[in-house]
Structure formats: structure tokens, C-alpha cells
Amino acid sequence: MTGNLQTKKLASGKEYYYMVLNFRSEDGKRKQKWISTGLEVRGNKRKAEAMLREELQKYKNDLYSSDRDILFSDYLQKWLEQQRSSVSQVTFEGYSLHIRHPVAWFGERHLSLGDLKVSHFEDFYNEMLTSGKVNPRTGETSGLSVRTVREYKFIINSALNKAVANEIIPSNPALNIRVTNKTKKQLARKINFFTTEEANDFLDYVYGENDVLADLICATLFFGLRRSEVIAIRIQSIDFQNHRLNIDHTIVKMLTLQEKDDTKTPDSNRSYPLTGEMEDFFRRVIEKKKGKRGLFWRYLSRE
């Protein structure tokens, strides 16, 4: 909420100060409220400014106390539901997975929005980094990855920033907390690339073992595709006439399987030239696919 002073001349000819309060209604629309100070303009500017500050503080205290009693775990779930219509299904399902730990941790402690302190988030992030993962068979605990905990941090900050914008709380207590003291250089993963010889040795191994993923691995190595891209290659993706492989379809699974006729970024929508060797490779893959499809239907017909 914000406010300012305005003057208004009455029928008597005298000018008086009015406090104008700017706020949002429950439906999100901006509204104004005019309140008379009872002070004439002449010689009363400081008194009027003091009255405005007191009035703004009173409204803020009333506003914050009315909604901040909601449990933070409940508020997180409410925030999640609000995201459903504004993000993709894959993103929403990612949020749904990552929000489970924060909801459980803060729910166990029965912390409301108004109770939250910096120390609560420091404790939460530290616990996740040291013992957030539980082995379902042995019960042993270990730390979650920094990347996963930063996903939690993103969700928490987004939800709390929304609460600040809606004037439920005056500030975000988790805003400036660092998940780790390691530098970006220390956190950076060292990427090791196969040499041509190593790639060929690896392909010889997976094909020699009749690995069911051997063809996927071969296409991935040859074209450098993302997982969501290589598993989404369809017969119509291969243009034998123009000797091109078109990458314009993806398959991703968070909670449900999502197929999309686009890629992760617009620039990822692309095509590759096909050599004669790779055209023969894809023809063999298509024949395998047809054979397995026939086997699948024969199996179903016996049921």
C-alpha cells in the first residue's frame, strides 16, 4: 500500500489536506481511499505528513495480521495451484515434485507466514544438503544435490515474493540466503567428452551386449541430442528424400508423459544432414520397430 497527500478546496473557500491511500482489492484491482486530515493546507504540511505515515502503518499492520496466519506449507500448495494456468504442464509437474520437501518440512513445524525467519530457511537448506535424501531400503540418509536444493529455493522465493506483492507479509525472509558457500567455479561440473575411438568402443560394447538402448545411444552420440529429443524421433522425423533428420518433437516425463511438437528452446528446433551410413542406420531401426510392433500385437492377441 502507498499513499500521498492531496488538497481539496471546500465550499467555504478553505483548502484542506486529504490522505489518499492506494491499495489492491481482493480481486487484484487498484483502488483509492480518501481520508480527511481536518488540517488546513496553510502551515500544516508536516502534521499532515505525520498523519499519513501513521495511517499507512495502521493499514499495513491490519493487512499483514489478517492473512499471515496461514501455514506456510498450506500457502506453498496454494501458490502451486495458482501456477497451473501460467506455466507449461511439464514445468508445473516439476514444481509439484520439488515442492514436496518444503511442504513436509515446514508443515511438521506448523510455521505460519508470519512466523517465518531467516534461520528457518537456513536450517531447511542445510538439512536438505546434509540429510535430505533417504534410502527407502536401508533408511540411511545423505545430502541432496546443490542443484535440487536450489530448485527448492526458487520455489520458496517465488512463493514468498508473491506474498510480499499481495501485501500478506512485509518482506521475504528467504531472499538473500545462499544455498552453499561454494563458488560457481567449484560447483561447475567438469564435462569429459568421448574421443572418436572411445565412442566407437562404447558402441561396440552396447551392441555386443544387445542393450535395448543401443540404437538410442548411437543416435545420441552421432547427433548430440538431448534425452527428450532422441526418444521423440519418429519415422516422420526422418526425411529420406532430402537426406535430413528433423528435431521438432520432444517427449518429457515428470509425473505424466508429455509429448510436444516443439523443443526446449526455439533455437533447438533444427535439422541435421544425413549421411548414407546414418540413413541405413535409421532404416534398420525402422525395421526393428515394425518387428517389435508385430510381436507386441501377437502377445496381446493371446490375452
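Structure first, text after, so check above.
Residues numbered from 1 in each chain as written. Predicted model: local features only at pLDDT ≥ 70, side-chain atom pairs only at ≥ 80, totals over all residues. Heavy atoms only, no water.

1. Digging into the packing of aromatic side chains
Counted according to the given criterion, the structure contains 16 aromatic pairs. Relative to Phe 121, the ring of Phe 72 lies with its centre 6.0 Å away and its plane at 85°, an arrangement referred to as edge-to-face. Taken together, the positions of Phe 72 in helix α2 (residues 72-83) and Phe 121 in helix α5 (residues 118-131) put the pair 49 residues apart, joining distant regions of the chain. Across this residue pair, the class does not change: Phe 72 and Phe 121 are buried. Its end group placed over the ring of Tyr 18, Lys 8 keeps NZ or CZ at 4.7 Å from the ring centre. The aromatic ring of Trp 105 is capped on one face by Arg 109, whose charged end is 3.6 Å from the ring centroid. (Phe/Tyr/Trp six-rings, centres within 6.5 Å; stacked < 30°, edge-to-face > 60°. Helix = DSSP H or I, 4+ residues; strand = E, 2+ residues; numbered from the N terminus. Buried < 20%, exposed > 50% of the residue type's maximum accessible area, 1.4 Å probe, protein only. Lys NZ or Arg CZ within 6 Å of the ring centre and 35° of its normal.)

2. Examining a negative patch on the surface
Together, Glu 197, Glu 198, Asp 201 and Asp 204 give the surface a local cluster of negative charge. Turning to its location among the elements, Glu 197 is positioned in helix α8 (residues 196-208). With relative accessibility at 59%, the residue Glu 197 sits in the exposed group. (Patch = residues over 30% accessible without salt bridge, like charges linked within 9 Å, V, L, I, M, F, W, Y side chains within 5 Å. Areas by Shrake-Rupley, 256 points an atom, 1.4 Å probe, with all protein chains shown as cover. Salt bridge = Lys/Arg side-chain N within 4 Å of Asp/Glu carboxyl O. Lys, Arg positive; Asp, Glu negative; His and termini not counted. Charge placed at Lys NZ, Arg CZ, Asp CG, Glu CD.)

3. Comments concerning the side chain of Glu 93
For Glu 93, the location among the structural elements is in helix α3 (residues 89-98). Here Glu 93 occupies a buried position and makes no salt bridge, while the nearest side chain of opposite charge, Arg 84, is found at 7.6 Å. Here the side chain of Glu 93 touches Gln 89 through a polar contact of 2.9 Å, side chain to side chain. (Polar contact = N/O pair within 3.5 Å; in protein donor to acceptor, adjacent residues only side chain to side chain.)

4. Focus on the pattern of salt bridges
Applying the stated criterion to the full structure yields 10 salt bridges. In this structure, the salt-bridge partner of Glu 81 is Arg 84, at a minimum N-O distance of 2.8 Å. Judged by its relative accessible area of 44%, Glu 81 falls in the partly exposed class. Of the charged contacts, one joins Asp 215 and Lys 288 as a salt bridge, the two residues approaching to 3.1 Å between their closest N and O atoms. Of this pair, Asp 215 sits in helix α9 (residues 214-223) while Lys 288 sits in helix α11 (residues 276-301); the two residues are 73 residues apart in sequence, bridging distant segments of the chain. Given the relative accessible area of 40%, Lys 288 is considered partly exposed.

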